[in-house]
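Structural description and commentary
As a plain string of letters, each chain reads:
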Amino acid sequence: MTTPPPSPVAAPPAPPGNGQAPEQSGLQSGLKNRHLSMIAVGGVIGAGLFVGSASGITAAGPGILLSYALVGALVVFVMRMLGEMAAANPTSGSFSAYADRALGRWAGFSIGWLYWFFWVVVLAVEATAGAAILTSWVPAVPQWAWALIVMVVLTATNLASVASFGEFEFWFAGIKVVAIAAFIVLGGLAIFGVLPGSDNAATGFANLTSHGGFLPNGPSAILTGVLMVVFSFMGSEIVTLAAGESEDPQRAVTKATKSVIWRVGIFYLGSILVVVSLLPWNDPSIAKKGSYVAALDSIGIPHAGQIMNVIVLTAVLSCLNSGLYTASRMAFSLGQRGDAPKAFARTNARGVPQAAILASVLFGFVAVGFNYLWPDTVFQFLLNSSGAVALFVWLVICFSQLRMRGIILRENPDKLVVRMWLFPYLTWATIAMISFVLVYMLTDDSEGGGRIQVLLSVLLAVLVVGISLVRDRLGRNTAEKAAVTSR
């Protein structure tokens, strides 16, 4: 049974398919089409691609390409489902609002708060990573001060206006896109020996099979690689949250959804293919320097390490900027639906949810403090308990789409401008694949590995769902008492 959305604090987002304008809520349409386009393109390029790919290559060899392809396919399917719902009703609450409508208030409440928690923990991780790079350049400024400076600057950006967020993200994402494109072009030329001055042996694609084969560590290494790369894809859904503040939400969502295939194909598969073609997968420099720095060094690019530090810092700042935006808009949507403090649903004269932003960054500041004071206990607990939330989000999107398709068709079918392929079979297949990844994570019993992440994330999810159910029960009891009193 479909549960209707709760009585909102502010004007609610229009339900899918009702023909009304999306979200008359105080948020302003300050994001231009070029902002949304670059957010969509750059949203899939996180710091994890640059930093985390080396461990995946070391574990799976050239077969890491299959790991990236499998996770990329999951992202494409999930984004297609999310795009179907978002094109029908663009809203800042995105999948949380759709879960509220399709699965019940408990689902929207739970996944919204879990997603908010995930991103405020990410704020602390990225602030610390960015501070480490900046400290290596300017050691006179302590690392904690750099983390504070970075957080304050990007908080001010988000508080100024949604347009300032969009402008910063446009340039951050632009740098990432140009960097990856340049890497692929230069690396591709070096692979075939046509890059002037290259130090690479120009072996073509021989490195894919000449060092123990394409799967030197066996087929099971593909799944190990999946666990290592899956979380580097998180962030592609941000464009559906931002669409509610754009000039043409439906067009932006439709375009972003349809382009996700080539974005994943070029930026992830294309760049990793260049790395494992330029270098043997077991080259010690990959683990020592990082995959991209090692590849750049192999073709004689001077100062490759510093160049990559600049790119990684840009990716970190982009993640911080968009993470704060995402967390605040989810908090805003929760407040709007009565599932968070009323202050979160209020916007200032610039159309910015100021309280939601400040609450999100405050928790981020606290988490940064935990990272410096208790990195191996409290902060590690925060990391592990948010580790599987991304997969929970994807599962909720899948189950919501199963129900929302019928709702959209029943209420206003002309809003169904983006359709999930092979519905419902591919949706169920995606659910099965995500569930398999979660189960496979339980086999990873290393310190801070998949098992502890899944178990703590499930524990957190159960706690949040329990709070939601108790809260709903108390609300119903209060309503019943009020009804009896009024008779």
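Above: the structure in question.
In this text, all values refer to a predicted model and were calculated from it rather than measured experimentally.

Rules used throughout
- Residues numbered from 1 in each chain as written.
- Predicted model: local features only at pLDDT ≥ 70, side-chain atom pairs only at ≥ 80, totals over all residues.
- Heavy atoms only, no water.
- Phe/Tyr/Trp six-rings, centres within 6.5 Å; stacked < 30°, edge-to-face > 60°.
- Helix = DSSP H or I, 4+ residues; strand = E, 2+ residues; numbered from the N terminus.
- Buried < 20%, exposed > 50% of the residue type's maximum accessible area, 1.4 Å probe, protein only.
- Lys NZ or Arg CZ within 6 Å of the ring centre and 35° of its normal.
- Axes fitted to C-alpha atoms, helices over the stretch in contact; angles between N-to-C directions.
- Parallel < 35°, antiparallel > 145°, perpendicular 65-115°, else oblique.
- Left-handed = near helix turned anticlockwise from the far one by under 90°.
- Contact = heavy atoms within 4.5 Å.
- Nonpolar A, V, L, I, M, F, W, Y, C, P; charged D, E, K, R; others polar.
- Core = buried A, V, L, I, M, F, W, Y, C linked by side-chain atoms within 4.5 Å.
- Patch = residues over 30% accessible without salt bridge, like charges linked within 9 Å, V, L, I, M, F, W, Y side chains within 5 Å.
- Areas by Shrake-Rupley, 256 points an atom, 1.4 Å probe, with all protein chains shown as cover.
- Salt bridge = Lys/Arg side-chain N within 4 Å of Asp/Glu carboxyl O.
- Expected span 1.5 Å × (residues − 1).
- Polar contact = N/O pair within 3.5 Å; in protein donor to acceptor, adjacent residues only side chain to side chain.

Quick look at the packing of aromatic side chains
In total, this model carries 19 aromatic pairs according to the counting rule given. Residues Phe183 and Tyr292 carry aromatic rings whose centres are separated by 4.9 Å and whose planes lie at 55° to one another, so their mutual orientation is tilted. Separated by 109 residues along the polypeptide, Phe183 in helix H7 (residues 162-191) and Tyr292 in helix H12 (residues 291-298) bring together distant segments of the chain. Summarising the burial analysis for this pair, Phe183 and Tyr292 share the class buried. The interplanar angle of 55° and the centroid separation of 6.3 Å between the aromatic rings of Trp262 and Phe267 together place this pair among those described as tilted. Taken together, the ring pairs in this structure connect Phe95, Tyr115, Phe118 and Trp119 into an aromatic cluster. One Lys or Arg, Arg34, reaches over the ring of Phe170 and ends 4.7 Å from the middle of that ring. Sitting over the face of the ring of Phe423, Arg405 holds its NZ or CZ atom 4.3 Å from the ring centroid.

Some words on the packing of helix H4 (residues 94-102) against helix H5 (residues 105-137)
Viewed as axis vectors pointing N to C, H4 and H5 meet at an angle of 160°, and their least axial separation amounts to 6 Å. In terms of orientation, H4 and H5 fall into the roughly antiparallel class. When the axes of H4 and H5 are compared, the crossing they make is right-handed. Here Phe95, Ser96, Ala99 and Asp100 of H4 lie close against H5, whose contacting residues are Arg105, Ala107, Gly108, Ile111, Gly112 and Tyr115. When grouped by side-chain class, the residues that make up the contact of H4 with H5 number five nonpolar, three polar and two charged.

Here's the deal with the nonpolar core
Counting residues in each nonpolar core, the largest one holds 157 residues, and the members touching the most others are Phe50, Phe95, Tyr115, Tyr292, Leu320, Val393 and Trp394. Sorting elements by how many residues they give to this core places H5 first, with 19 residues. Excluding residues that lie within four positions of it along the chain, Tyr292 makes contacts with Leu49, Phe50, Ser53, Ile180, Phe183, Ser271, Ile272, Val275 and Met308.

Re a nonpolar patch on the surface
Together, Trp144, Leu148, Val152, Tyr372, Leu373, Trp374 and Val378 make up a nonpolar patch on the protein surface, roughly 680 Å² of accessible area in all. Per element, the largest residue contribution to the nonpolar patch is three residues, and it comes from helix H6 (residues 143-160). Classification of Tyr372 by relative accessible area gives partly exposed; the value is 32%.

Here we look at H7
Compared with an ideal rise of 1.5 Å per residue, which puts 30 residues at 44 Å, H7 spans 42 Å between its outermost C-alpha atoms and is within 8% of the ideal. Positive backbone phi, at 75°, marks Gly193, one or two positions downstream of H7.

Points about the environment of Gly305
By secondary structure assignment, the location of Gly305 is in helix H13 (residues 304-336). Relative accessible area serves as the criterion here: at 30%, Gly305 is assigned to the partly exposed category. C-alpha separation for the pair Gly305 and Lys289, spaced 16 residues apart in sequence, amounts to 7.8 Å.

Focus on the side chain of Asn207
Locating Asn207 in the fold gives a position in the loop between H7 and helix H8 (220-229). Given a relative accessible area of 8%, Asn207 falls into the buried group. Polar contacts involving the side chain of Asn207 include one to the main-chain carbonyl oxygen of Ser277, which spans 2.9 Å.

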